Amino acid sequence: MALHNDRNYGDFIPVKRSLGGVWSNIVQVLNITVVEGIQLKNYFKVAVGNGEETSFWLDHWIGPKPLKDSFPLLFNIEEVKDCNLNCCLGNRNDMVRLKWRWKRPLSSEAEINEMVGLCSLLSQVELNQEKDEWKWFGPSAIVDPDFSVRLVRQLLESGSNRGVNYVPERCKWIPDKCNIFIWRAEMGKIATVDALNRRNIDVGTVCGLCGDGEESVDHLFTSCDVASLLWAYICNWCRCANIVAFSFKDLIEFHNHSGFEGKKKDVLKGLIRIGCWVVWRARNESRFKNSEVNLNHIFGEVKRVGFLWFSSRKKCVSTSWSDWCKFVNL
Ligand SMILES: [Zn+2]
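What you are looking at is a predicted structure, and each value in this text was computed from that prediction instead of being measured.

Some details on the pairing of strand β6 (residues 133-136)
Item 1. Burial of the side chains of β6 is restricted to one face: Trp 134 and Trp 136 are buried, whereas none of Glu 133 and Lys 135 on the reverse face is.
Item 2. Bridge count between strand β3 (residues 44-47) and β6: 4 bridges; the pairing is antiparallel. Across the sheet, Lys 45 pairs through a bridge with Lys 135, a residue of β6.

Section: a nonpolar patch on the surface
Item 1. Residues Val 149, Val 244 and Phe 246 make up a contiguous nonpolar surface patch of roughly 290 Å² in combined accessible area.
Item 2. On the secondary structure map, Phe 246 appears in the loop between α10 (225-238) and α11 (248-252).
Item 3. The exposure class assigned to Phe 246 is partly exposed, which follows from its relative accessible area of 45%.

Section: the coordination of the zinc ion
Item 1. Distances from the zinc ion to its protein donors, Cys 207 (SG), Cys 210 (SG), His 219 (NE2) and Cys 224 (SG), fall within 2.1 to 2.4 Å.
Item 2. Each of the 4 donor atoms around the zinc ion contributes to a set of angles spanning 102 to 115 degrees, which defines the coordination as tetrahedral.
Item 3. Counting residues between consecutive donors of the zinc ion along the chain gives the motif C-x2-C-x8-H-x4-C.
Item 4. Judged by its relative accessible area of 3%, Cys 207 is buried.

Considerations on the confidence of the model for the chain
Item 1. Across the chain, the average pLDDT comes to 81, with 78% of residues at or above 70.
Item 2. Residue range residues 1-13 is modelled with pLDDT below 50. Its contacts to residues more than four positions away, or to other chains, number 41 contacts.
Item 3. Here residues 15-19 scores under 50 on pLDDT; set against residues more than four positions off or in separate chains, the count is 10 contacts.

Calculation criteria
Residues numbered from 1 in each chain as written. Predicted model: local features only at pLDDT ≥ 70, side-chain atom pairs only at ≥ 80, totals over all residues. Heavy atoms only, no water. Buried < 20%, exposed > 50% of the residue type's maximum accessible area, 1.4 Å probe, protein only. Helix = DSSP H or I, 4+ residues; strand = E, 2+ residues; numbered from the N terminus. Pairing = 2+ DSSP bridges. Patch = residues over 30% accessible without salt bridge, like charges linked within 9 Å, V, L, I, M, F, W, Y side chains within 5 Å. Areas by Shrake-Rupley, 256 points an atom, 1.4 Å probe, with all protein chains shown as cover. Salt bridge = Lys/Arg side-chain N within 4 Å of Asp/Glu carboxyl O. Donors = N, O, S within 2.8 Å, 3.2 Å for Na, K, Ca; no water. Tetrahedral: all angles 85-135°; square planar, octahedral: opposite > 155°, others 65-115°. pLDDT = per-residue confidence, 0-100. Contact = heavy atoms within 4.5 Å.

Structure, rendered in structure tokens:
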């Protein structure tokens with residue numbers, strides 16, 4: 001279960017390598033993302049059972065981080081750095097039995113101090129017959145012990161002070177009203193159901209587009225079925241990779257990760273913003289006029305409004321409707 005970087009014992013992660021290229025991206029994100037002073041990877045921890053699948057030094061199973069980081073001097077003189085938990089300790093007569101394999105006897109005061117701290121930490125450990133299991137120990141784990149992407153997102157948002165520091169890039173070929181809408185949405189300052197509920201205005205919780213999920217900025221523009229299909233249509237039209245967005249910010253930054261450069265990248269940036277604008281209008285039409293939500297109509301509107309704004313506002317660029325519809329000819 002424990003997966004390690006064999007060369008430097010640096011990257012331990014409770015994620016399968018079979019994820020291929022995605023795996024290295026996940027490792028990178030877990031390593032570089034720090035929330036409230038703690039690396040994201042250290043919010044995952046092994047709930048120890050029989051200790052057979054947990055690395056004593058490398059996995060995060062006790063304390064605030066892996067033992068190799070908490071007790072680096074001892075780890076340095078450990079002979080078997082990837083030994084499992086059940087090889088290093090066991091329970092006998094209700095006492096924890098410790099088994100060490102040092103390259104040499106402890107010599108410095110600092111090493112002895114680390115040893116005292118480690119023994120103190122281990123004194124309460126008890127192995128049992130259950131299998132070891134990785135668990136999420138984020139701040140909300142107390143109320144919701146099951147791991148989900150939503151919990152990670154909540155943690156990231158709580159640490160990022162959403163909207164205070166981040167200002168979305170302006171797109172020059174769409175009108176200011178559209179750019180400002182994007183900025184306000186990113187700050188959570190549009191009248192979604194969850195925003196109204198926070199102001200004690202009870203309008204239910206249901207999304208005005210799909211009638212299913214709880215309506216919030218992130219839901220409306222990323223996880224809502226209607227929005228998800230719209231982004232799939234747009235990506236298909238633009239011939240770019242599918243949009244993977246867990247938050248509104250991910251969505252409006254997507255053009256930077258699309259592989260496009262120059263004019264195409266600029267157009268995609270604007271199209272995603274226009275998509276949000278049109279989705280919001282469709283949501284209002286549905287909520288206030290009971291209009292039917294028609295995905296083909298929404299997609300057609302994105303194309304039509306996009307062409308109108310791009311051809312009239314992007315100076316020195318002549319684009320025909322047929323080229324626009326093919327996109328690849330831009
Ligand atoms: Zn929805």
